[in-house]
Amino acid sequence: VLVMGWHLKLLPRFVRILQEQGFKVAHLESAKVPTEKRQDWIDKHVIAKKVQVLVVNPVTVQTGLNNLVYFATELWMENPMCSPFVYRQACGRVDRIGQTLPTRILFPVYQDTAQVNLHKLLMHKVGVSKSVDGIDPEEALRAAGLLGGEYSGFSLGKQLYHMIMGEEE
């Protein structure tokens, strides 16, 4: 499992909790492993040692790491600052050519909190970003307002405000 956390100061706590539960855990720290050495570091400290869980900030692995297909599951412990680019790139580390297992991207949120609205906002932004780069033609039509749906890609801020205020349109 790849455990993704945005706040760097929380990552050691995730490592400690997982180790206390008996998991074999590695922590990839961007400050300690330069970008050009990360693929080799993962090969040596994660894959060779058959590590079960890699704890990391999603920005650290968002591009250029093809060996993370070693994992098939991502657990997002924090919203990546509502950045669809960070989210899509980091998810693309496990869901890519070479993956032999079914992939799962898990994003737990507390019910009836602002987390739910932030997650919805992130997913809407992901839909809009896919429509812009042509990955999903249905989302392109939805963003243009041609398929209806609960949002228009051009009014996400307004939609989030209405969700938070309990005034969903």
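The structure under discussion appears in the preceding block.
The rules behind the values
- Residues numbered from 1 in each chain as written.
- Predicted model: local features only at pLDDT ≥ 70, side-chain atom pairs only at ≥ 80, totals over all residues.
- Heavy atoms only, no water.
- Phe/Tyr/Trp six-rings, centres within 6.5 Å; stacked < 30°, edge-to-face > 60°.
- Helix = DSSP H or I, 4+ residues; strand = E, 2+ residues; numbered from the N terminus.
- Buried < 20%, exposed > 50% of the residue type's maximum accessible area, 1.4 Å probe, protein only.
- Arc of directions from axis to C-beta.
- Contact = heavy atoms within 4.5 Å.
- Core = buried A, V, L, I, M, F, W, Y, C linked by side-chain atoms within 4.5 Å.
- Patch = residues over 30% accessible without salt bridge, like charges linked within 9 Å, V, L, I, M, F, W, Y side chains within 5 Å.
- Areas by Shrake-Rupley, 256 points an atom, 1.4 Å probe, with all protein chains shown as cover.
- Salt bridge = Lys/Arg side-chain N within 4 Å of Asp/Glu carboxyl O.
- Lys, Arg positive; Asp, Glu negative; His and termini not counted.
- Charge placed at Lys NZ, Arg CZ, Asp CG, Glu CD.
- Axes fitted to C-alpha atoms, helices over the stretch in contact; angles between N-to-C directions.
- Parallel < 35°, antiparallel > 145°, perpendicular 65-115°, else oblique.
- Nonpolar A, V, L, I, M, F, W, Y, C, P; charged D, E, K, R; others polar.

## Examining the packing of aromatic side chains
Turning to step 1, where the next piece is worked out: Using the criterion set out here, one finds 4 aromatic pairs in the structure.
Turning to step 2, where the next piece is worked out: With centroids separated by 4.9 Å and ring planes inclined at 85°, the aromatic side chains of Tyr-70 and Phe-71 adopt a geometry described as edge-to-face.
Turning to step 3, where the next piece is worked out: Pairing Tyr-87 with Phe-107 gives two aromatic rings, centres 6.1 Å apart and planes at 45°, and the pair type is tilted. With Tyr-87 in helix α3 (residues 84-91) and Phe-107 in the loop between β5 (104-106) and α4 (114-133), the pair connects residues that are 20 residues apart, well separated along the chain.

## A word on α3
Turning to step 1, where the next piece is worked out: Taken residue by residue, α3 has Pro-84, Val-86, Tyr-87, Ala-90 and Cys-91 as its buried positions. Projection of α3 onto a plane perpendicular to its axis shows the buried side chains occupying an angular sector of 165°, all on one side.
Turning to step 2, where the next piece is worked out: Buried residues belonging to α3 abut β1 (2-4), β4 (73-76), β5 and α4.

## Things to note about unusual backbone geometry
Turning to step 1, where the next piece is worked out: Its identity as a non-glycine residue notwithstanding, Lys-50 has a phi of 55°, on the positive side.
Turning to step 2, where the next piece is worked out: Mapped onto the fold, Lys-50 is located in the loop between α2 (38-47) and β3 (53-56).
Turning to step 3, where the next piece is worked out: Located in the positive-phi region is Cys-82, a residue other than glycine, with phi close to 55°.
Turning to step 4, where the next piece is worked out: With respect to the helices and strands, Cys-82 occurs in the loop between β4 and α3.
Turning to step 5, where the next piece is worked out: Given the relative accessible area of 8%, Cys-82 is considered buried.

## Some points on the nonpolar core
Turning to step 1, where the next piece is worked out: Ranked by size, the top nonpolar core spans 25 residues in total, and within it Leu-2, Leu-28, Trp-41, Val-46, Leu-54 and Leu-68 carry the most contacts.
Turning to step 2, where the next piece is worked out: Elements with a minimum of two residues in this core: β1, β2 (25-28), α2, β3, α3 and α4.
Turning to step 3, where the next piece is worked out: Residue contacts for Leu-28: discarding those within four places in its chain leaves Val-33, Arg-38, Trp-41, Ile-42, Leu-54, Val-55, Val-56, Thr-60 and Val-61.
Turning to step 4, where the next piece is worked out: In this structure, Val-3, Leu-18, Val-53 and Val-55 belong to the second largest nonpolar core, which totals 8 residues.

## Some thoughts on a positive patch on the surface
Turning to step 1, where the next piece is worked out: Taken together, Lys-24, Lys-44, Lys-49 and Lys-50 make up a surface patch of like positive charges.
Turning to step 2, where the next piece is worked out: Secondary-structure assignment places Lys-49 in the loop between α2 and β3.
Turning to step 3, where the next piece is worked out: According to the relative accessible area criterion, Lys-49 is partly exposed, its value standing at 44%.

## Observations regarding the packing of α3 against α4
Turning to step 1, where the next piece is worked out: The contact between α3 and α4 brings their axes to 9 Å, and the two run at 80°. One element, α3, and the other, α4, form an angle in the roughly perpendicular class. Side by side, α3 and α4 meet where Pro-84, Phe-85, Tyr-87 and Arg-88 of the first sit next to Leu-122, Met-123, Lys-125, Val-126, Ser-129, Lys-130 and Asp-133 of the second.
Turning to step 2, where the next piece is worked out: In terms of residue class, the contact of α3 with α4 is made up of 6 nonpolar, 1 polar and 4 charged.

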